[in-house]
Amino acid sequence: MGKINVTLLAGGLYRARANARDDGGNLHQLSVTAATEADARTALRKRATTISTGAVPDLLPSNTLADAIAAWLPQIRTRAKSGSLSYSTYESYEAIARLLLVPRCGAVKLGNLTAGRCDRILQQLLADESISKARRARSVLSMVCSHAVRDGAMPSNPVRDAQRMPTAPKKDSALTPKQIDGIRELMERWDRPYGPRPNYRALIDGMDIMLGTSMRVGECIGLRRRDVDMTTSPPTVIVNGTIVSNRTEGTYRKDSPKRSRQRRTIALPSMAAAAVRRRLALAEPHEDAFLFPTATGRSLSVSNTNGYCEPSSATSGWRSLHSASPSRSTRRISTEGRRQLSWNALLASPSTHGYSGTRTSRSPGPATSCRPRSSTL
């Protein structure tokens, strides 16, 4: 570290400045403020020691929220590299910080970030953006402030005292048998005005498997030959992976469902078993072959699968069924599936289908009435 220059500011604080180089030879201009000259010199030497050991300099109340975000994101990326956090989660945090927080409040100093100010920032976000974006922004802002608290730049996390964001209204929706028949008919005669014709047989098979098992889209397209057992009665499928996509790793199969505790074995009703048999007949012979592969044998992506089932509104016949996406199939166990298998055979408990409660896998109408009043599950 070079010479320390101390200046008395108009507000009575002392500002200490100096240049220092890290172990890589990079020059850093350091600046801190403190109540006394001695404290300012001590704090500056501490920061210089920090960068010389390769660590991130400690945050101070005079640092901005953008500085805190820049110091917090590398730690989140390290967690993603170590496997304790998914890269898609890291990318989501980074996007929220870069697109929402930094443009709106990145210049606010940590010492001035009070609970009231956080609340005004979040309420303005709620007015300008969607509820889900505002909720995610509140979560990221709280994690950044917690990091600043651990660094000693803030006495407490002000976001905890800000108002909680409202919850987006839930839409209870379930596909009726008439809708399912209509979707299947439209899939069979669907032809896009440009590009190759979609593989409608794969779309129908995927829909039948998801309706019969309540798998998520990524879990369904991530099924491999080794994951199904057609020799048992009824046939079973093991859900032990899902397809995920992110900018860092691309599209790949994650060797666990959305959460690792959601690994499960599901008995297949006849319509889902028939779909699995068709996929097995078309799949490659090796054990790791996907049941829903691309032309090159790789897995489909969730976004492409949803895109195939949500064509443009100009396509005749799909306008009224536009909301019947694959994700809606995971919110319903089909009436036919419940009639073809007993509840014990279907294993229709929430843990079997990967949900934390019964509300997600329960549907209104005839399907719900098929549930027995008592169950030994």
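Provided above is the structure to which this section pertains.
Residues numbered from 1 in each chain as written. Predicted model: local features only at pLDDT ≥ 70, side-chain atom pairs only at ≥ 80, totals over all residues. Heavy atoms only, no water.

Chemist: Mind showing me how you'd approach the overall build of the protein chain here?
Modeler: When its secondary structure is counted, the protein chain shows 15 helices and eight strands. Looking at the protein chain residue by residue over its 377 residues, the buried ones come to 43%. Partitioning the contacts of the protein chain with sequence separation of at least 6, the portion at a separation of at least 24 is 60%. Summed over all atoms, the accessible surface of the protein chain reaches about 19,900 Å², with 50% contributed by carbon and sulfur. (Helix = DSSP H or I, 4+ residues; strand = E, 2+ residues; numbered from the N terminus. Buried < 20%, exposed > 50% of the residue type's maximum accessible area, 1.4 Å probe, protein only. Contact = heavy atoms within 4.5 Å. Areas by Shrake-Rupley, 256 points an atom, 1.4 Å probe, with all protein chains shown as cover.)

Chemist: Teacher, can you tell me more about the nonpolar core here?
Modeler: One recurring pattern in soluble globular proteins: nonpolar side chains tend to sit buried together. In this structure, Leu-65, Leu-101, Leu-110, Leu-113, Val-140 and Leu-141 are the most contacted members of the largest nonpolar core, which totals 37 residues. Elements with a minimum of two residues in this core: α2 (65-82), α3 (87-105), α4 (115-128) and α5 (131-150). What Val-140 contacts, discounting residues up to four positions off in sequence, is Trp-72, Tyr-93, Ile-96, Ala-97 and Leu-101. Within the second largest apolar cluster, 24 residues are counted, among which are Met-210, Leu-268, Ala-273 and Val-276. (Core = buried A, V, L, I, M, F, W, Y, C linked by side-chain atoms within 4.5 Å.)

Chemist: What is the right way to look at the packing of aromatic side chains in this model?
Modeler: By convention here, two paired aromatic rings are described through the distance between centres and the angle between planes. Under the definition given, this model contains one aromatic pair. Their ring planes at 35° and their centres at 5.9 Å tell us that Trp-72 and Tyr-93 sit as a pair that is tilted. Residue Trp-72 is located in helix α2, and its partner Tyr-93 is located in helix α3; the two are separated by 21 residues in the primary sequence. Accessibility classification places Trp-72 together with Tyr-93 in one group, the buried group. (Phe/Tyr/Trp six-rings, centres within 6.5 Å; stacked < 30°, edge-to-face > 60°.)

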